[in-house]
Amino acid sequence: MTTTSLPGAPHFHYQGDELFAERVRVGDLARRHGTPLFVYAKASMLAALAAYQRGFAGRDFRICYAMKANSSLALLQVFAQAGCGFDIVSGGELERVLAAGGKPQDIIFSGVGKTRAEMKRALEAGIGCFNVESEAELEVLNGVAVELGQVAPISIRVNPDVDPKTHPYISTGLKGNKFGIAHDRTLHAYRRAAALPGLRVEGIDCHIGSQITDEGPYLDAMERILDLVQAIEGAGIPLHHIDFGGGLGITYKGDAPPAADALWRKLFERIDARGFGQRRFMIEPGRSLVGNAAICVTEVLYLKPGEHKNFCVVDAAMNDLPRPAMYQAFHAIEPVAKRSGNSSPYDVVGPVCESGDWIGRDRELAAQPGDFLAVMSAGAYCMSMASNYNTRGRAAEVLVDGDRAFVIRERETPADLMRVEKLLPGA
Ligand code: LLP
């Protein structure tokens, strides 16, 4: 039987006409567990991680998975067991890492709006570093740490003002963004941090955006960060690590981002040339570790041929796959079992009552009602951004490891959705 691979998704392939995740038939999973169903290939997660590990071979490094990309417990467990740390942005994410077996000292805490309660809990848990995003936050964190009789390890997130050339909603390192401390305020902020008794300066941090497919912005940002490291250390404040954030893109449709190992080989050429090769480097990749490790399987409910457009109504919707509605994002849509016969162009849409509820536009499909379709590259920023809009329970998730498949999340029931709500008293 012929095996056909799919672009960007090395552990999903066709055997003959049928789609497989590693060695498991996707159609069987959909029939057993229902749809919409997220199916993960563990081998893809580990292969993506291995590319970074190759890039850092022989260096002092820590990979902190940016769990906002996908915070399902079993995925966190896989990364924790593979030796990753975690980049968190909320108290909720902290509890998830701890529940999945992550070590507190391997956690870094990013985000522009950390609350006092979140800071306190993170200090008590003993996290590795706070990535501080404003001068005001330095003062608040210092106050919380002093009150607890602790010293908070910090790095300052610097906004390097580099254009990552990505979607405006997901570029973060430009002057107009809310993230980080402006390049020209950085030295001032470090001086202040070094003077505060509740803070201990550990490093410097930046993150310029997401789904970056061009190495140029990374190389520029690295130069700017190294300039700052020189200036800060010149002012007598040593920096033990450089955290370069995340952002590396994946293949959704013809995108050709650099491979993680190739990118870091290039970056280290610059870093070594400037004499920083022995420094500890940290990164916060999210999408590039999980994005192409999952598909979302959905069933075709209805075909609605029309004068101007044909609609293919499926049982997954914008609450499961919010990226098309939010960013006009492209996700490839493939049949779970290829069928012969004529194809037609369809807009693939969900059951949610919004015109924005579309998953793909003008896709050539030969699908019939009852067929399963696979929405590709669904591992990052899909389940973690899923909602319960239209009182739709979030989808189930299955993780495939070789020829075994494990349910890692049950489908939410209406009772789950109503659990924390209360009716008014009386009547
Ligand atoms: N570190 C920080 C501080 C971040 O803000 C982010 C992502 C990351 C790391 C991980 O970036 P990644 O390696 O995943 O690109 N929902 C959008 C993406 C939002 C990214 C937010 N920050 C999407 O679906 O495209």
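Keep in mind that what you see is a predicted model, and the values were worked out from it rather than measured. (Residues numbered from 1 in each chain as written. Predicted model: local features only at pLDDT ≥ 70, side-chain atom pairs only at ≥ 80, totals over all residues. Heavy atoms only, no water.)

Undergrad: Now, about the sheet that holds strand S4 (residues 24-25): what can you tell me, with residues and values included?
TA: Spatially, S1-S2-S3-S4 is the arrangement adopted by the four strands of the open sheet, whose pairing is antiparallel. Of all strands in the sheet, those bounded by a partner on one side alone are strand S1 (3-6) and S4. (Pairing = 2+ DSSP bridges. Helix = DSSP H or I, 4+ residues; strand = E, 2+ residues; numbered from the N terminus.)

Undergrad: Before we move on, could you go through the domain arrangement of the protein chain and cite the residues and values that matter?
TA: Here the protein chain is described as being made up of domain 1 (3-41 + 291-418) and domain 2 (110-285). Relative placement of domain 1 and domain 2: their C-alpha centres are 35 Å apart. Taken together, the contacts link 12 residues of domain 1 with eight residues of domain 2. Of the roughly 830 Å² buried between domain 1 and domain 2, counting both surfaces, carbon and sulfur atoms make up 61%. Linking domain 1 to domain 2 there are zero salt bridges. Put simply, domain 1 and domain 2 have two residue pairs in polar contact (both at pLDDT 80 or more) between them. Of the residues belonging to the side of domain 1 that touches domain 2, the class tally is five nonpolar, six polar and one charged. (Domains from an automatic or database assignment. Contact = heavy atoms within 4.5 Å. Buried area = accessible area lost by both parts, 1.4 Å probe. Salt bridge = Lys/Arg side-chain N within 4 Å of Asp/Glu carboxyl O. Polar contact = N/O pair within 3.5 Å; in protein donor to acceptor, adjacent residues only side chain to side chain. Nonpolar A, V, L, I, M, F, W, Y, C, P; charged D, E, K, R; others polar.)

Undergrad: Tell me about the environment of Met 45, and name the residues and values.
TA: With respect to the helices and strands, Met 45 occurs in helix H2 (residues 42-55). Between the C-alpha atom of Met 45 and that of Met 418, which follows or precedes it by 373 residues, the distance is 34 Å. Once residues lying within four places of it in the same chain are set aside, the contact partners of Met 45 are Leu 75, Val 78, Phe 79, Leu 289, Val 290, Ala 293 and Leu 399.

Undergrad: Outline the pattern of salt bridges, supporting the account with residue identities and numerical values.
TA: It is possible for side chains of opposite charge to pair when their charged atoms get near one another. The tally for this structure, following the rule as stated, stands at 29 salt bridges. Glu 18 serves as the salt-bridge partner of Arg 25, at 2.8 Å between the closest nitrogen and oxygen. For Glu 18, a relative accessible area of 25% translates into the label partly exposed. For the salt bridge of Glu 397 with Arg 409, the shortest nitrogen-to-oxygen distance reads 2.8 Å. Taken together, the positions of Glu 397 in strand S21 (residues 396-401) and Arg 409 in strand S22 (residues 404-409) put the pair 12 residues apart, joining distant regions of the chain. Considered together, Glu 397 and Arg 409 belong to a single accessibility category, that of buried residues. Three or more residues joined by partner-sharing salt bridges are found here, namely Glu 18, Arg 25, Asp 28 and Arg 31. (Buried < 20%, exposed > 50% of the residue type's maximum accessible area, 1.4 Å probe, protein only.)

Undergrad: So what about the site of the ligand? Which residues, and what values?
TA: Neighbouring residues of the ligand: 18 residues in total, closest Ser 210, Glu 284, Arg 323, Tyr 327 and Tyr 381. Contact between the ligand and Tyr 327: a nitrogen atom at 2.7 Å from a side-chain N or O atom of the residue. Relative to its unbound accessible surface of 590 Å², the ligand loses 93% to contact with the protein. For the shell around the ligand, the per-class residue count stands at six nonpolar, six polar and six charged. Counting the residues that make up the shell around the ligand, at least three belong to each of domain 1 (3-41 + 291-418) and domain 2 (110-285). (Near = heavy atom within 4 Å. Areas by Shrake-Rupley, 256 points an atom, 1.4 Å probe, with all protein chains shown as cover.)

Undergrad: Quick rundown of the nonpolar core? Include the residues and the values.
TA: Core analysis: the biggest nonpolar cluster contains 99 residues, and Phe 130, Ile 154, Ile 204, Phe 244 and Trp 264 have the highest contact counts within it. At nine residues, the largest contribution of residues to this core is made by helix H8 (residues 215-234). Residue-level mapping places this core at the junction of two domains, with at least three residues from each of domain 1 (3-41 + 291-418) and domain 2 (110-285). The contacts of Ile 154, once residues within four sequence positions are left out, are Cys 129, Phe 130, Val 132, Leu 138, Leu 141, Ala 193, Leu 199, Arg 200, Val 201, Glu 202 and Gly 203. By size, the runner-up hydrophobic cluster in this structure holds 23 residues, among which are Leu 19, Val 39, Val 297 and Met 376. (Core = buried A, V, L, I, M, F, W, Y, C linked by side-chain atoms within 4.5 Å.)

Undergrad: Please set out unusual backbone geometry residue by residue, giving values where relevant.
TA: With an omega of -5 degrees, the peptide bond running from Thr 35 to Pro 36 counts as cis. Here Pro 36 is to be found in the loop between helix H1 (26-33) and strand S5 (37-41). Even without being glycine, Asp 161 reaches a positive phi, approximately 55 degrees. As for its position among the elements, Asp 161 is in the loop between strand S10 (152-159) and strand S11 (181-182). Although it is not a glycine, Asp 362 sits at a positive phi angle of roughly 50 degrees. Looking at the secondary structure, you find Asp 362 in strand S19 (residues 358-365).

Undergrad: I'd like a description of the layout of surface pockets, backed by residues and values.
TA: Picture a little ball the size of a water molecule; that probe, rolled over the atoms, points out where space is still empty. Its boundaries defined by the atoms lining it, the largest pocket holds a volume of some 830 Å³. Forming the walls of the largest pocket are 41 residues, and the residues nearest its centre are Lys 68, Val 89, Phe 179, His 207 and Tyr 381. Of all elements in the fold, only helix H4 (91-99), helix H10 (287-290) and helix H11 (323-327) reach the threshold of two or more residues within the lining of the largest pocket. The greatest single-element share of the lining of the largest pocket, amounting to three residues, is contributed by H11. Class assignment for the residues of the lining of the largest pocket results in 14 nonpolar, 13 polar and 14 charged. Looking at the lining of the largest pocket, you find at least three residues from each of domain 1 (3-41 + 291-418) and domain 2 (110-285). If you trace the second largest pocket, you find 23 residues lining it, with Gly 8, Ala 48, Ile 250, Ser 288 and Asn 292 closest to the centre. Secondary-structure elements contributing two or more residues to the lining of the second largest pocket are H2 and H10. Considering every element that reaches the lining of the second largest pocket, the biggest residue donor is H2, with six residues. Class assignment of the residues belonging to the lining of the second largest pocket gives a composition of 14 nonpolar, seven polar and two charged. (1 Å grid on protein atoms, 1.4 Å probe; cavity = no way out; pocket = protein on both sides within 12 Å on 5 of 7 lines; lining within 4 Å. Points joined across faces, edges and corners; volume = space filled by probe spheres on them.)

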